[in-house]
Every structure is written in C-alpha cells, then in structure tokens.
Amino acid sequence: KRSCSFISTPHFTRCFRETAFRSRRCLHENGGKLKGPIAVAMSGGVDSSVAALMLKEAGHEIFAIHMHNWDEEEERGEHKGPGVCTSAQDLHDVKRTCRILDIPLYEVNFVKEYWTNVFDPMLEAYASGLTPNPDVACNREVKFGPLLDRALAMGASALATGHYARIA
C-alpha cells in the first residue's frame, strides 16, 4: 500500500522521473506531439503524478482527470490506518499535485460503473471459489473504457496513466 503523504526524497524523485520516462517513450504519434491536449488519469499516487510532470516538461498541453470509483458514504469502513488512503485523501493529493504543476483538474464519477462492472463480479468470483483481481477488472471495465471515452469527449487527443505497458 502506498502512503498518503507526498514524499520528497532523492529516491522518490528518481522513481518519479523513471516512471515518467516510461510514459513519455509511449508517445510516438506526430513525432511525439499529439494534436490536442492529453488527459492524465490522476490517482493521487506517484506514477500518475510523474506521468503528468513528464508530459508537461515535454511541452504537451495536459489536464488531469480524477475518477471517483467508490462511494464512502455507502460503506463506512473501519480500516483506517497507516498506508490506507481514503478517496478524500487521494483527491487532496491530486489537487495538490495539480496546483504544483499548474494544470486543470476535472473530477468524474464512475461509482456506478465500478460497482456494477468490478465490485459485484469480484464478489461473485469469491463466492465461486475464485481469486479475482479487481485492479485488472477496473482497468478493463472503467479506466480504458468509460474514462477514455470521457476524456475524448472532453477534447483530449489521448489518455495517459501511470501504468506500465510493453508495446510489441
């Protein structure tokens, strides 16, 4: 689990730059420049923050887009402690990063999509004796579906994330 605090150490900075370098290598259209702004899916974590920083440093016009996937009012979880971030803390971290980078932030609500396409199927899989991976399901069913569609509808030419990818 990641810490909620925004850490500034030499190790953090090195990881930040390495992650962003991987993100930047993936841009290959139009000589590395796209014909419109790039939406950056910002989670509040290091990887997406690095991707935003590196895209901005590379001269791209960017905006941040933050997904709300869980309604904490529906679940009053008692598991709050070191290494556990609430969605409110994640949003706080995203806002802070966007302020530092001076980029606009848009919030989108995908609670229904997450519940229907990720959470319910995960519970069904557990009940069937399987061990599902909700992160993979979220990527497939929310991030690279509805989030991408929303970003494109907002005028983005591409969607960047802090995810790692190997392109064959």
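Remember, predicted model here, so these are calculated numbers, not experimental data.

A.B. asks: Looking at this structure, how should I read the overall build of the protein chain?
C.D. replies: The number of helices and strands found in the protein chain is 5 helices and 4 strands. Along its sequence from the N terminus, the protein chain presents helices and strands in the succession α-β-α-β-α-β-α-α-β. Within the span of the protein chain, comprising 168 residues, buried residues form 38% of the whole. In the protein chain, 76% of the contacts between residues at least 6 apart in sequence involve partners at least 24 apart. Element-wise, carbon and sulfur atoms account for 53% of the exposed surface of the protein chain, whose accessible area totals about 10,300 Å².

A.B. asks: Is there a simple way to explain the environment of valine 136 in this structure?
C.D. replies: Among the structural elements, valine 136 can be located in helix H5 (residues 134-153). C-alpha separation for the pair valine 136 and valine 118, spaced 18 residues apart in sequence, amounts to 9.1 Å.

A.B. asks: I keep staring at the packing of aromatic side chains and nothing clicks. Help me out?
C.D. replies: A ring pair, where both rings are aromatic, is described by two values, the distance of the centres and the angle of the planes. Applying the stated criterion across every chain yields a total of 5 aromatic pairs. Between phenylalanine 63 and tyrosine 106 the ring centres are 5.5 Å apart and the planes differ by 90°, which places this aromatic pair in the edge-to-face class. Taken together, the residues span a long stretch of sequence, with phenylalanine 63 in strand E2 (residues 62-68) and tyrosine 106 in strand E3 (residues 105-109) at a distance of 43 residues. Since its relative accessible area comes to 6%, phenylalanine 63 is described here as buried. You can call tyrosine 106 partly exposed: its relative accessible area is 39%. Aromatic pair tryptophan 115 and phenylalanine 119: ring centres 4.7 Å apart, planes at 45°, arrangement tilted. Separated by 4 residues within a single helix, tryptophan 115 and phenylalanine 119 lie in helix H4 (residues 111-127), roughly one turn from each other. Given the relative accessible area of 17%, phenylalanine 119 is considered buried.

A.B. asks: When you look at helix H3 (residues 87-101) in this model, what are you seeing that I'm missing?
C.D. replies: Note: α-helices contain 3.6 residues per turn, so residues at a spacing of three or four share the same orientation. Between its terminal C-alpha atoms H3 stretches 21 Å, which fits the 21 Å expected from 15 residues at 1.5 Å a residue. Looking at H3, one finds that the buried residues are Asp90, Leu91, Asp93, Val94, Thr97, Cys98 and Leu101. Buried positions in H3, seen along its axis, are confined to an arc of 160° and lie on one side of it. Opposite the buried face of H3, by more than 90 degrees, sit the exposed residues Ala88, Arg99 and Ile100. Against helix H2 (46-57), E2 and E3 lie the buried residues of H3. After H3 finishes, the residue aspartate 102 shows a positive phi value of roughly 55°.

A.B. asks: I would appreciate a short explanation of the nonpolar core in the present structure.
C.D. replies: In terms of nonpolar packing, the biggest core is built from 18 residues, with Ala39, Val142, Leu147 and Leu159 touching the most fellow members. Elements supplying a minimum of two residues to this core: strand E1 (38-41), E2, H4 and H5. With 14 residues, the next largest nonpolar core counts Ala52, Ile62, Ala64 and Ala160 among its residues.

A.B. asks: Can you walk me through the pairing of E2 in this structure?
C.D. replies: Side chains on a regular strand alternate between the two faces of the sheet. In terms of burial, E2 is a largely internal element, 6 of the 7 residues being buried. One ladder, built from 4 bridges, connects E1 with E2; its direction is parallel. Along E2, the bridge assignment pairs isoleucine 38 with isoleucine 62. Where the polypeptide runs from E1 across H2 and back to E2, its parallel neighbour, the crossover connection is right-handed. With 5 bridges joining them, E2 and E3 adopt parallel strand pairing. Bridging across to E3, histidine 66 finds its partner in glutamate 107.

A.B. asks: How should the pattern of salt bridges be read in this particular structure?
C.D. replies: Side-chain pairs of opposite charge can arise where the charged atoms are in close proximity. Enumeration according to the criterion identifies 1 salt bridge in this entry. Residue glutamate 141 is joined to arginine 140 by a salt bridge in which the shortest nitrogen-to-oxygen separation is 3.1 Å. On the basis of relative accessible area, glutamate 141 is assigned to the partly exposed category, the value being 27%. Given a relative accessible area of 53%, arginine 140 falls into the exposed group.

Definitions and limits used
Residues numbered from 1 in each chain as written. Predicted model: local features only at pLDDT ≥ 70, side-chain atom pairs only at ≥ 80, totals over all residues. Heavy atoms only, no water. Helix = DSSP H or I, 4+ residues; strand = E, 2+ residues; numbered from the N terminus. Buried < 20%, exposed > 50% of the residue type's maximum accessible area, 1.4 Å probe, protein only. Contact = heavy atoms within 4.5 Å. Areas by Shrake-Rupley, 256 points an atom, 1.4 Å probe, with all protein chains shown as cover. Phe/Tyr/Trp six-rings, centres within 6.5 Å; stacked < 30°, edge-to-face > 60°. Expected span 1.5 Å × (residues − 1). Arc of directions from axis to C-beta. Core = buried A, V, L, I, M, F, W, Y, C linked by side-chain atoms within 4.5 Å. Pairing = 2+ DSSP bridges. Right-handed = clockwise from strand over helix to strand, strands pointing away. Salt bridge = Lys/Arg side-chain N within 4 Å of Asp/Glu carboxyl O.

Read these as spatial facts, not as claims about activity.
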